[in-house]
Amino acid sequence: MKKKTLLSWSSGKDSAWSLLRLCQDPNIGLCGLFSVMNERYNRVSMHATRHELLVRQAEATDLPLRTISLPDPCTMEQCDNIMRQFVSACAAQGIEAIAFGDLFLEDIRRYRENQLQGTGIEALFPLWGIPTPHLAEEMLSGGLTAYISSVDLRKLPASMAGRRWSRELVAELPEGCDPCGENGEIHTIAVAGPMFQRPITVRVGETIERDGFAYGDIIPTG
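Numbering of residues starts from 1 in each chain and follows the order in which that chain's sequence is written. Local features in this predicted model are restricted to residues whose pLDDT is 70 or higher, and side-chain atom pairs enter the listing and the counts only when it is 80 or higher, whereas totals over whole chains, interfaces and linings include all residues. Working from all heavy atoms in the structure, the side-chain values ignore hydrogens and water.

Peer 1: Talk me through the side chain of Asp178; I want residue IDs and the actual numbers.
Peer 2: Runs of E in the DSSP output that reach at least two residues are strands. Runs of H or I that reach at least four are helices, and both are numbered from the N terminus. Along the chain, Asp178 turns up in the loop between helix H6 (167–172) and strand E8 (186–192). Buried charge Asp178 goes without a salt bridge, the closest partner of opposite sign being Lys13 at 6.4 Å. By the criterion applied in these results, polar contacts are pairs of N or O atoms within 3.5 Å in which, for protein atoms, one can donate a hydrogen and the other can accept it, and in which residues neighboring in sequence qualify only through two side-chain atoms. Side-chain polar atoms of Asp178 contact the side chain of Thr132, separated by 2.6 Å. Reaching out from Asp178, the side chain makes a polar contact with the backbone nitrogen of Cys180 at a distance of 2.9 Å. Burial status follows relative accessibility: with a 1.4 Å probe on protein chains alone, a residue under 20% of its type maximum counts as buried, one over 50% as exposed, and anything between as partly exposed. We treat Lys and Arg as the positive residues and Asp and Glu as the negative residues; His and chain ends play no part in the count. When a carboxyl oxygen of Asp or Glu lies within 4 Å of a side-chain nitrogen of Lys or Arg, that pair is called a salt bridge.

Rendered as structure tokens:
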């Protein structure tokens, strides 16, 4: 029997590549995607992905999408309670595993595992431990297309926002910046690749700076 699995869908390149890896695993039965939304802006948290673009992504994967709304501002206690309710509902529906696109941050992994502890749902990490320079090259050579939607201004200039994630861009990153942005340097939105049945056409809108981040507006078209 295939393991009934949900994928935490950030809308970015890492969750997209996790989807590809899960689809290639004969022991996994993917039941859908779920995304965490900022209630105030109606966008994916951190990635600032528009809801309509998120829906386009889900349609291109041919998987059902669930969304979880978090208030803004949101305390950690509020977030934990909302996620606990979601996980309980998933367990009641027979979900056996939830997969995450985390790469190497041990504290994030422990947090995920603690959230699921005692629920009967297993935490899966399809990309865990892959050296990120190798993973970035694997994604790019594999045909993944993504745009930078969020930049941490403490680490990178605002001009990075809205740019396509590419080998050239990775080469421009200063020393100490992870090529996949795992330390929060960048967040991305995936628009094409082998995990999608068709590419998603987009245009890049204006860049907005807020709370120490630059957000490039990636807008679906067509």
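Peer 1: Mind laying out the packing of helix H1 (residues 13–23) against helix H5 (residues 132–141), listing which residues take part and the relevant values?
Peer 2: The convention used is that axes are lines fitted to C-alpha atoms, helices contributing only their stretch in contact, and that angles between N-to-C directions extend from 0 to 180 degrees. The N-to-C vectors of H1 and H5 enclose an angle of 75°; their axes lie 11 Å apart at closest approach. Between H1 and H5, the crossing angle belongs to the class labelled roughly perpendicular. Every residue of H5 that contacts H1 at Lys13, Asp14, Trp17 and Arg21 is listed here: Leu135, Glu138 and Met139. Put simply, Ala, Val, Leu, Ile, Met, Phe, Trp, Tyr, Cys and Pro go in the nonpolar bin, Asp, Glu, Lys and Arg in the charged bin, and everything else, Gly too, in the polar bin. Among the residues making up the contact of H1 with H5, the classes are represented as 3 nonpolar, no polar and 4 charged. Angular relationships are summarised with four words: roughly parallel below 35 degrees, roughly antiparallel beyond 145, roughly perpendicular across 65 to 115, and oblique for the angles in between. Two residues form a contact once any of their heavy atoms are found within 4.5 Å.

Peer 1: Explain the packing of helix H3 (residues 76–92) against helix H4 (residues 106–116) to me, and be specific about the residues and the numbers.
Peer 2: Following both chains from N to C, one finds H3 and H4 inclined at 55°, their axes separated by 10 Å at the closest point. When the interaxial angle is binned, H3 and H4 end up oblique. By crossing handedness, the relation of H3 to H4 is classed as right-handed. Counted together, Met76, Cys79, Asp80, Met83 and Val87 of H3 and Tyr111, Gln115 and Leu116 of H4 form the full contact between these two elements. Of the residues assigned to the contact of H3 with H4, the class counts are 6 nonpolar, 1 polar and 1 charged. If you view the pair so one helix is near and one far, a crossing is left-handed when the near helix is turned anticlockwise from the far one by less than a right angle, and right-handed when it is turned clockwise.

By themselves, these observations are geometric and do not establish any function.
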